[in-house]
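# Summary of the model geometry
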Amino acid sequence: MNEASHTADQREHPIDQKVLTLMDKRLETARGLADAAGELADARSRLEDAQRAYVDSFKQAEKAGWDKKELTTHLNFEEPGKAPRRRAAPRKAAAAPQGDTGAAPSTGDGDTADE
């Protein structure tokens, strides 16, 4: 590239095509990510709208005479505002080294290494 104009020189460097191919792939993946982010934002917006409609419908059912227990137990509807029940993910055992107190290492003469 010419430093003054930032345009390609007449002669190409042997690596130019490889670099351009890599840049094209990165641009393509960034565009895909941007598209997915937009779709996710739209889906979140639709979910929020559906949640508001569900809350309104649940309240209307209660006003129409349905008991909360009937709706949640007998008819198996979720109570608005409560997250659905899920199984907890298995916990991994913490692999902390034994005897690690977080203190500075000793130099052997009673002083610590960072003094």
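Residues numbered from 1 in each chain as written. Predicted model: local features only at pLDDT ≥ 70, side-chain atom pairs only at ≥ 80, totals over all residues. Heavy atoms only, no water.

We now examine the overall build of the protein chain. Counting its regular elements, the protein chain contains two helices and zero strands. Burial status across the protein chain gives 3% buried among its 115 residues. Intrachain contacts of the protein chain at a sequence separation of at least 6 include 10% that bridge at least 24 residues. Within the structure as shown, the protein chain displays about 11200 Å² of accessible surface, and the carbon and sulfur contribution to it stands at 52%. (Helix = DSSP H or I, 4+ residues; strand = E, 2+ residues; numbered from the N terminus. Buried < 20%, exposed > 50% of the residue type's maximum accessible area, 1.4 Å probe, protein only. Contact = heavy atoms within 4.5 Å. Areas by Shrake-Rupley, 256 points an atom, 1.4 Å probe, with all protein chains shown as cover.)

Right, let's talk about the packing of aromatic side chains for a bit. Scanning the entire structure with this criterion turns up one aromatic pair. Between Y54 and F58, the aromatic rings sit 6.2 Å apart at their centres with planes inclined by 40 degrees, giving tilted as the arrangement. With Y54 and F58 both in helix α1 (residues 16-63) and four residues apart, this pair spans about one turn of that helix. (Phe/Tyr/Trp six-rings, centres within 6.5 Å; stacked < 30°, edge-to-face > 60°.)

On to unusual backbone geometry, then. In the Ramachandran plot, N76 falls in the positive-phi region, its phi being about 65 degrees despite a non-glycine side chain. Following the sequence through the fold, N76 ends up in the segment after α2 (68-74).

Turning our attention to the pattern of salt bridges. One side chain can pair with another of opposite charge once the charged atoms of both are near each other. Under the criterion given, the structure shown has two salt bridges. A salt bridge links E79 to K68; the nearest nitrogen and oxygen atoms lie 3.2 Å apart. With E79 in the segment after α2 and K68 in helix α2, the pair connects residues that are eleven residues apart, well separated along the chain. E79 sits in the partly exposed class, given a relative accessible area of 23%. (Salt bridge = Lys/Arg side-chain N within 4 Å of Asp/Glu carboxyl O.)

For α1, which comprises 48 residues, the first-to-last C-alpha distance of 70 Å matches the rise-based estimate of 70 Å (1.5 Å per residue) to within 8%. Trailing α1 by a residue or two, G65 shows a phi angle of about 110 degrees, which is positive. (Expected span 1.5 Å × (residues − 1).)

Counting through the fold element by element, T72 comes out in helix α2. By relative accessible area, T72 is classed as partly exposed at 24%. Beyond its immediate stretch of four places on either side in the chain, T72 contacts F58, F77, E78 and E79.

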